[in-house]
Amino acid sequence: VKKDQKQAVDENDTDEQDAKDRGWLVRLYNDPMNKREFVARCLTEICSLDDGEAYNVMMKAHQVGIAVIGNYHQEMAELYKMRLSGEGLLID
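Residues numbered from 1 in each chain as written. Predicted model: local features only at pLDDT ≥ 70, side-chain atom pairs only at ≥ 80, totals over all residues. Heavy atoms only, no water.

Peer 1: I'd like a description of the packing of helix H2 (residues 36-47) against helix H3 (residues 51-64), backed by residues and values.
Peer 2: Viewed as axis vectors pointing N to C, H2 and H3 meet at an angle of 130°, and their least axial separation amounts to 9 Å. When the axis of H2 is compared with that of H3, the two are oblique. Considering the relative orientation of H2 and H3, their crossing is right-handed. Counting all contacts with H2, which are made through Arg36, Val39, Ala40, Leu43 and Thr44, the residues of H3 involved are Asp51, Ala54, Val57, Met58, Met59 and His62. Here the residues of the contact of H2 with H3 sort into seven nonpolar, two polar and two charged. (Axes fitted to C-alpha atoms, helices over the stretch in contact; angles between N-to-C directions. Helix = DSSP H or I, 4+ residues; strand = E, 2+ residues; numbered from the N terminus. Parallel < 35°, antiparallel > 145°, perpendicular 65-115°, else oblique. Left-handed = near helix turned anticlockwise from the far one by under 90°. Contact = heavy atoms within 4.5 Å. Nonpolar A, V, L, I, M, F, W, Y, C, P; charged D, E, K, R; others polar.)

Here it is, written out as structure tokens:
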């Protein structure tokens with residue numbers, strides 16, 4: 001491997017590692033069916049957010065239409081998505 005190729009390979013490895021380190025965003029969308037209190041309670045019980053964090057995420061989704069719940073490892077993000085969707089919340 002030439003020096004330039006080696007440097008390019010190292011940069012690609014770093015980019016892939018950075019992508020893994022960034023994790024997965026779990027996003028909450030506003031919906032007209034669920035009460036705000038219910039949404040906040042789901043965030044505290046399932047995602048372990050404290051009351052203030054859950055309220056802020058819920059209100060941002062309510063006012064803006066979307067809010068980031070958090071940035072998690074892939075397995076945790078998938079678990080939160082599955083459990084919150086199971087409660088009827090709009091999550092991706």
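Additional details are given in the paragraphs that follow.
Peer 1: Can you tell me about the pattern of salt bridges, naming the residues and giving the values?
Peer 2: The final tally for this structure, using the stated rule, is two salt bridges. Here Arg27 makes a salt bridge to Asp92, at a shortest N to O gap of 2.8 Å. Within this pair, whereas Arg27 is found in strand E1 (residues 24-29), its partner Asp92 is found in the segment after strand E3 (90-91), the two being separated by 65 residues in sequence. Classification of Arg27 by relative accessible area gives partly exposed; the value is 31%. (Salt bridge = Lys/Arg side-chain N within 4 Å of Asp/Glu carboxyl O. Buried < 20%, exposed > 50% of the residue type's maximum accessible area, 1.4 Å probe, protein only.)

Peer 1: So what about the sheet that holds E1? Which residues, and what values?
Peer 2: An order of E2-E1-E3 is seen for the three strands of this open sheet, with the pairing classed as antiparallel. The sheet is open, and its two edges are formed by strand E2 (66-72) and E3, each paired on a single side. Taken strand by strand, H3 contacts E1 and E2, and its axis lies near 140° from that of E2. (Pairing = 2+ DSSP bridges.)

Peer 1: Please give an account of the environment of Leu84 that cites residues and values.
Peer 2: Structurally, Leu84 is set in helix H4 (residues 74-86). Once the C-alpha coordinates of Leu84 and Cys42 are considered, the two residues, 42 residues apart in sequence, prove to be 7.0 Å apart. Once residues within four sequence positions are removed from consideration, Leu84 is found in contact with Cys42, Leu43, Ile46, Cys47, Ile69, Leu89 and Ile91.

Peer 1: Could you give an account of the nonpolar core, naming the residues involved and the relevant values?
Peer 2: One recurring pattern in soluble globular proteins is that nonpolar side chains are buried together. Counting 22 residues, the largest nonpolar core has Leu28, Leu43, Cys47, Leu49, Ile69, Tyr72 and Leu84 as its most contacted members. Here this core gets six residues from one element, more than from any other, and that element is H2. Excluding its chain neighbours within four sequence positions, the residues that come into contact with Leu43 are Leu28, Ser48, Leu49, Ala54, Val57, Met58, Ile69 and Leu84. (Core = buried A, V, L, I, M, F, W, Y, C linked by side-chain atoms within 4.5 Å.)

Peer 1: Break down H3 for me, with residues and values.
Peer 2: Think of an α-helix as turning once every 3.6 residues; residues three or four places apart then point the same way. The terminal C-alpha atoms of H3, which comprises 14 residues, lie 20 Å apart, in line with the 20 Å expected from a rise of 1.5 Å per residue. All of the buried residues along H3 are Ala54, Val57, Met58, Met59 and Ala61. Capping the start of H3, Asp50 holds a side-chain oxygen 3.1 Å from the backbone nitrogen of Gly52, two or three residues further along. Positioned one or two residues after H3, Gly65 has a phi angle of 105°, which is positive. (Expected span 1.5 Å × (residues − 1). Polar contact = N/O pair within 3.5 Å; in protein donor to acceptor, adjacent residues only side chain to side chain.)

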